[in-house]
Amino acid sequence: MRSVWILALTLSCYFKVNAQLVYFHGQISDEQGKPLSFVSIWTSTVNKGALTNEQGLYGINLKRGIYSFSFRSPGYEPVFKTIQVEGIQVNNDLRLYRPTETNGISKNADSIIWQVIKRRNSRQFPKPDYDGHLYRKALQRLNDLPKIHVKKDLAHELQINPVRKGIINFSEYISEFYSRSKDYLKEEVIALKKVNNSKDFFNFNGSPDLHVDFYQNILNFNGFNQHTFVSPIGDQAFTFYRYRLTRQFTDESRIIYEISVLPKRRDEHLFSGTIYIVDKEWRLYGIDLYLLKNAHLDFINTVHISQQFVPLNNNDWESHAMQFNFSGKFWKVKYSGLFLQVYQDINVDTTTRTGPYHEVFHITKEDYMKDQQFWEQNRPVELTSEEDHFYKVTDQAQKAKTKKELTDSLQNKNNNFRLLPYILKGYTLHNYNLNSSFSFQSPRSMVFYNTVEGWGIDLKVKYLKVIDSIHNLTLIPEARYGFSDKVLNANIFANYVYNPFRQASVYARVGSDFLDLNNTGTVSLFLNSLSTLFLGSNYLKLYQSRFVMAGTYGEVANGVLLNGLVEYADRRSLFNTTLHTFNKDSTFLTSNNPLNPYGNTPLFPHYRALILKGSATFTFDQEYEITPTGKYILPNRFPRVRVNYRVGIPALGSDVNYKFVSADFFQDRLNIGIYGYASYFLSAGTFLNAKKLYYPDYMQFRGGESFFFNSTLGSFHFLNYYTYSTDKAYFEVHLEQNFAGFFLSHVPLINKLNLQEIIGGSYLTQGILPSYTEAYIGIKRTVVRIDYGFAFGRYSNRFQGFRLVYNL
């Protein structure tokens, strides 16, 4: 009996709380009765709003009272209503009408845009601080997937219907936001729902990374295109756009101008469509712009951006909703999607907060734990029938996965061995019950050939144990055997991540291995095998090390990353044991001593080394996101500085005695606006003490002798891998500019190829050999890039050649 009373009391409290809220809802359509999506419903009474979905439906929970509502959508005349909200629910259906054509408009479109640009620049000064709640949604769907591209069981797993269409990714979250200017926004997520079935299909970033602000001079959509796009109201807008005033209508007492935006040149990275401007205030009222196929998007055919602004009580116009739709086609696979953000409520923040915010996004595991009732009461956009069905199907699938017999069935299915994927990328064996996996390398990286070991086999197995959401252990045992020198090397690597919020881990490695004489890396075993066998160029030079090492890695403060390592190693020179090559005409096979390529002398004597290494990397004004699995660093607009220190300690039988210090100054992507982006790397260092050291202890540089070139920042295209190593002071600089199609987009026919132009150069002085200089130009198309350049160095006045670039 007591339990019955408790239940009755609980239900009474539940209905009492919910009785305070009234469900205000309806459907909005156009003049022909067709549902209208992306209609802003905003009540200035409490600065709160909602948005219609693809079926024109909307809903918002409000306390009882009298509210002033506005209904706005780009291209339609707004509707204003004062409605008494009471009872359980209030239904409000209505229609929006397009404004009629306006003749004899006295205003000129260009003069209006000039006023907006002038006002835009005034927005650089401080504006009110805001807080509130922000809703984001990301959705991706397959529109057409030929049967040859996916098997029946995979289609079922992705919830794709028999005609091979449907949603594959769907996520939404609600956050509390705090803004201090248009440049700084912090979000603390309070609820999240996410279903990702297709990480192997598409990997676009989530909506937190998509920042759309047409008040900026240029816009950059990370994940869609490397080129930036000129805003129609940016400082350079008149260089790229023409404008035509097509209509005007009123929003309460304000005149709203509808202006067509037309690119001056086709095949440019430019917008087309319509923008809406508020008269006298010269603010954006709405956006309805497109990026079409001739805007040279990567993997995307069309982008449609819609944005609706609303006036707040302080007469400041702020974005209420933004929707980013895209569609594309790749190898007969048609796909589309959207990113949507809706500010549910916006309030002037009177609290004292400091900014800018380095932590711009925060979510904890508890934020997932929101029930269906929460979402129904707080979601500002109604789910479509397709989205609602998708959630129900995936929820059932997730519940099924908690049953051991179904988990075992799914595990057996995913562990099914397939030959072609194994050859291309290896094979992973999962154990979902133990949260662990074993990964086996592909045959491509297993079998090798070089002139030291001959034919050989290199076996690695990666074991990953996920202890919980923030702790994991990785073990990688390795065995390597050469059939010509008959030497077996074996070692094991271990890494334990104990605090991903500090990027913190400890690691260790012990055993023996054949290592590259250039410790920065030269060419892979696979590429060296092909080069040796078919071209007669054995680039890779090796030495043997028997070692034990341990280190730690992690942040001590935001933007300050430390790395420390101690190693004790026994090192020996190696010699060629075979000179086999399929290229009988080759005369390029050299000894394993890069400083005496045609002799058979050891590069260094047998010695032992006790080495201590450390580095500190400083990232200024570092912004990051916090998720349940760790801390993720965001792209930074400032350069990074890294200080390195290495010392050889003459103790415990160690034969080395030296001290080395260096500093690196680098940035991977410096945005240059419409001219693309630049990358640079500068490094300088010296040996403070060089009493006793050997070649493996020298300062090494990332060379580039092979046709296949690794484009890691700080690499040389044509530098010899080994001969420029030094025990003296050095200085190197690398500069590269990617124009992202700025020039080639003006060339007829060629502009159809979406090519990106690249120029760059490098310089090195190292105290022993004459200084080295190289310059190059390149062409890039998505992930394919080829460079052509010249080099001036030791062996000839000029070297020239091509490089096929990978690691883009």
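Residues numbered from 1 in each chain as written. Predicted model: local features only at pLDDT ≥ 70, side-chain atom pairs only at ≥ 80, totals over all residues. Heavy atoms only, no water.

1. As for the overall build of the protein
Okay, so step 1: Scanning the protein from terminus to terminus reveals 9 helices and 42 strands.
Okay, so step 2: Burial statistics for the protein: of 808 residues in total, 50% are counted as buried.
Okay, so step 3: Look at the contacts in the protein between residues 6 or more apart in sequence, and 62% of them connect residues 24 or more apart.
Okay, so step 4: Here the protein displays about 39,100 Å² of accessible surface, and carbon together with sulfur accounts for 58% of that area. (Helix = DSSP H or I, 4+ residues; strand = E, 2+ residues; numbered from the N terminus. Buried < 20%, exposed > 50% of the residue type's maximum accessible area, 1.4 Å probe, protein only. Contact = heavy atoms within 4.5 Å. Areas by Shrake-Rupley, 256 points an atom, 1.4 Å probe, with all protein chains shown as cover.)

2. A short note on helix α9 (residues 525–535)
Okay, so step 1: The set of residues buried in α9 consists of L525, L527, N528, S529, S531, T532 and L533.
Okay, so step 2: As for α9, its buried residues are in contact with β24 (447–450), β25 (454–466), β26 (472–482), β37 (708–710) and β42 (799–806).
Okay, so step 3: Phi turns positive, to about 70 degrees, at G536, one or two residues after α9.

3. Quick word on the packing of aromatic side chains
Okay, so step 1: Scanning the model with the defined rule gives 48 aromatic pairs in all.
Okay, so step 2: Ring plane angle 85 degrees and centroid distance 5.9 Å describe the contact between Y539 and Y721, whose orientation is recorded as edge-to-face. Of this pair, Y539 sits in the loop between α9 and β29 (542–557) while Y721 sits in the loop between β37 and β38 (730–738); the two residues are 182 residues apart in sequence, bridging distant segments of the chain.
Okay, so step 3: Residue classification places Y721 among the buried residues on the basis of a relative accessible area of 2%.
Okay, so step 4: Feature note: the residues F24, Y58, Y67, F69 and F71 constitute an aromatic cluster, connected by ring pairs.
Okay, so step 5: When the ring centre of Y624 is taken as origin, the NZ or CZ atom of K631, which lies over that ring, is 4.1 Å away.
Okay, so step 6: Here R669 stacks its cationic end above the ring of Y677, 3.8 Å away from the centre of that ring. (Phe/Tyr/Trp six-rings, centres within 6.5 Å; stacked < 30°, edge-to-face > 60°. Lys NZ or Arg CZ within 6 Å of the ring centre and 35° of its normal.)

4. Quick look at a nonpolar patch on the surface
Okay, so step 1: On the surface, V447, W455, F483, F526, L530, F534, L535 and F582 cluster together into a nonpolar patch covering about 780 Å² of accessible area.
Okay, so step 2: Residue contributions to the nonpolar patch peak at 4 residues, all from α9.
Okay, so step 3: Residue class for L535 comes out exposed when judged on its relative accessible area of 51%. (Patch = residues over 30% accessible without salt bridge, like charges linked within 9 Å, V, L, I, M, F, W, Y side chains within 5 Å. Salt bridge = Lys/Arg side-chain N within 4 Å of Asp/Glu carboxyl O.)

5. Considerations on the pairing of β24
Okay, so step 1: Taken together, the 4 bridges between β24 and β25 define a ladder with antiparallel strand orientation. Considered in β25, the bridge of V447 is made with I457.
Okay, so step 2: Between β24 and β25, which pair antiparallel and follow one another directly, the connecting turn spans 3 residues. (Pairing = 2+ DSSP bridges.)

6. So, unusual backbone geometry
Okay, so step 1: Its identity as a non-glycine residue notwithstanding, E252 has a phi of 55 degrees, on the positive side.
Okay, so step 2: Topologically, E252 is positioned in the loop between β14 (241–251) and β15 (254–263).
Okay, so step 3: Accessibility expressed as a relative area gives 53% for E252, which makes it exposed.

7. A closer look at the pairing of β42
Side-chain positions along a regular strand alternate between the two faces of the sheet.
Okay, so step 1: Pairing analysis gives 3 bridges linking β37 to β42, with the strands arranged parallel. Paired with N710 across the bridge in β42 is Y806.
Okay, so step 2: Sheet topology places strand β41 (residues 784–792) next to β42; 7 bridges connect them, and they run antiparallel. Note on β42: the bridge partner recorded for G789 is G801.

8. So, empty space enclosed by the protein
If a probe as big as a water molecule is rolled over the atoms, it shows which places are left empty.
Okay, so step 1: Taken as a whole and assessed by the stated rule, the structure comprises 6 cavities of 30 Å³ or more.
Okay, so step 2: In this structure, the largest cavity occupies an estimated 110 Å³ of space.
Okay, so step 3: Around the largest cavity sit 15 residues that line it, and H269, A740, G741, N754 and L755 are the ones nearest its centre.
Okay, so step 4: A breakdown of the residues in the lining of the largest cavity according to their chemical character gives 4 nonpolar, 10 polar and 1 charged.
Okay, so step 5: Taken as a whole, the second largest cavity holds about 90 Å³ of empty space.
Okay, so step 6: Classifying every residue of the lining of the second largest cavity by side-chain character gives 4 nonpolar, 5 polar and 3 charged. (1 Å grid on protein atoms, 1.4 Å probe; cavity = no way out; pocket = protein on both sides within 12 Å on 5 of 7 lines; lining within 4 Å. Points joined across faces, edges and corners; volume = space filled by probe spheres on them. Nonpolar A, V, L, I, M, F, W, Y, C, P; charged D, E, K, R; others polar.)

9. Digging into the pattern of salt bridges
Okay, so step 1: Within this structure, the stated rule accounts for 24 salt bridges.
Okay, so step 2: Among the ionic pairs, E188 bridges to K186, the shortest N-O distance being 3.4 Å.
Okay, so step 3: By relative accessible area, E188 is classed as partly exposed at 26%.
Okay, so step 4: Across the pair D316 and R283 runs a salt bridge, and its minimum N-O distance is 2.8 Å. Of the two residues, D316 is situated in the loop between β18 (302–311) and β19 (317–330) and R283 in strand β17 (residues 283–291); the sequence distance between them amounts to 33 residues.
Okay, so step 5: In this structure D316 comes out as buried when scored by relative accessible area, which is 8%.
Okay, so step 6: The network of salt bridges with common partners includes E453, E478, R480, R509 and D513.

10. Quick look at the nonpolar core
Okay, so step 1: Within the largest apolar cluster, 56 residues are counted, with the highest numbers of intra-cluster contacts made by I259, F271 and I305.
Okay, so step 2: Membership of the second largest hydrophobic core comes to 38 residues, among which are V523, A609, Y658 and Y695. (Core = buried A, V, L, I, M, F, W, Y, C linked by side-chain atoms within 4.5 Å.)

11. A look at the side chain of S442
Okay, so step 1: When you line up the elements, S442 lands in the loop between β23 (436–440) and β24.
Okay, so step 2: When neighbours within four sequence positions are excluded, S442 is seen to be in contact with Y422, I423, L424, K425 and G426.

12. Focus: a positive patch on the surface
Okay, so step 1: A grouping of K165, K293, K329, K332 and K334 is seen on the molecular surface, where their side chains present a positively charged patch.
Okay, so step 2: Structurally, the position occupied by K165 is in the loop between α3 (152–157) and β10 (166–181). (Lys, Arg positive; Asp, Glu negative; His and termini not counted. Charge placed at Lys NZ, Arg CZ, Asp CG, Glu CD.)

13. Brief notes about the environment of F417
Okay, so step 1: Summarising the element assignment, F417 is placed in the loop between α7 (404–414) and α8 (419–425).
Okay, so step 2: Once the C-alpha coordinates of F417 and Y427 are considered, the two residues, 10 residues apart in sequence, prove to be 7.4 Å apart.
Okay, so step 3: When residues no more than four places from it in sequence are discounted, the contact partners of F417 are Y422 and Y427.

14. Comments concerning the environment of N538
Okay, so step 1: Structurally, N538 can be placed in the loop between α9 and β29.
Okay, so step 2: Exposure remark for N538: the relative accessible area of 4% places this residue in the buried category.
Okay, so step 3: Through-space distance from the C-alpha of N538 to that of N450 is 6.9 Å; in sequence the pair is 88 residues apart.
Okay, so step 4: Looking at N538, its side chain comes within polar contact range of the main-chain oxygen of T590, at 2.8 Å. (Polar contact = N/O pair within 3.5 Å; in protein donor to acceptor, adjacent residues only side chain to side chain.)

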